[in-house]
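Coordinates in review
In case you want the letters, here they are:
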Amino acid sequence: MTRRVSIARPDHLDWLLSHDRDVSQDWVERCIMHKEYLILQEDGLEIGFIRWSSFWGKIPYMDMIFVLPSSRTSGAGKLLYRAWEKAMADRGAGLLMTSCERDEQEPLRWHMANGFEIVGEVAFPGFQNGKEVFLAKILV
């Protein structure tokens, strides 16, 4: 088994559209163009991605991390996340951010196990049922 993390290319568009369903095709295309996706492949097949943006135009913000269900609990997410963390540190980032819903206990535990700490939460009535928890990680 060979795993490889790389920046998404236009030929990843169809796979990303079929798995990153919370955003529009225009947004996926924009993120590919701005190199804001990392793709994880296993033996040449896509098994996961990270999509990010910049909070306040400065702080790398992990919008979404996704790993195919068949590859979860195998270290794939951690490998993908570590590649993103290194890429952001190499760009000079001193802080990373992400978020999840308060009632999403598995993602919340996963982020905290990867060094993130809760820094706040906010409610978006009418948009989502629970509170959104914001997490940050200081890079040393």
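Just so it is clear, the structure is predicted and the values come from calculations on it, not from any experiment.

What follows deals with the nonpolar core. Core analysis: the largest hydrophobic core is formed by 32 residues, its most contacted members being Leu16, Tyr37 and Trp84. Counting residues per element, the ones that place at least two in this core are α1 (13-19), α2 (25-33), β2 (37-42), β3 (45-55), β4 (59-67), α3 (76-90), β5 (95-101) and β7 (131-138). No other element matches α3, which puts five residues into this core.

As a further point, take the pattern of salt bridges. Overall, the coordinates contain ten salt bridges when judged by the stated rule. Put simply, Arg51 and Asp20 hold a salt bridge, and the shortest N to O gap is 2.6 Å. Of this pair, Arg51 sits in strand β3 while Asp20 sits in the loop between α1 and α2, and the two are 31 residues apart along the sequence. The partner of Glu36 in a salt bridge is Arg30, and the shortest N-O contact between them spans 2.4 Å. On the accessibility criterion, Glu36 (10% relative accessible area) is buried. Each of Asp20, Arg51 and Asp63 takes part in salt bridges that share partners, so that together they form one network.

Right, let's talk about the environment of Glu101 for a bit. On the secondary structure map, Glu101 appears in strand β5. Glu101 gets classed as partly exposed once you look at its relative accessible area, which sits at 23%. Considering only alpha carbons, one finds Glu101 and Ser54, 47 residues apart in sequence, at a separation of 19 Å. With near-sequence residues (within four places) excluded, Glu101 lies in contact with Gln128, Gly130, Lys131, Glu132 and Val133.

Conventions we followed
- Residues numbered from 1 in each chain as written.
- Predicted model: local features only at pLDDT ≥ 70, side-chain atom pairs only at ≥ 80, totals over all residues.
- Heavy atoms only, no water.
- Core = buried A, V, L, I, M, F, W, Y, C linked by side-chain atoms within 4.5 Å.
- Buried < 20%, exposed > 50% of the residue type's maximum accessible area, 1.4 Å probe, protein only.
- Helix = DSSP H or I, 4+ residues; strand = E, 2+ residues; numbered from the N terminus.
- Salt bridge = Lys/Arg side-chain N within 4 Å of Asp/Glu carboxyl O.
- Contact = heavy atoms within 4.5 Å.

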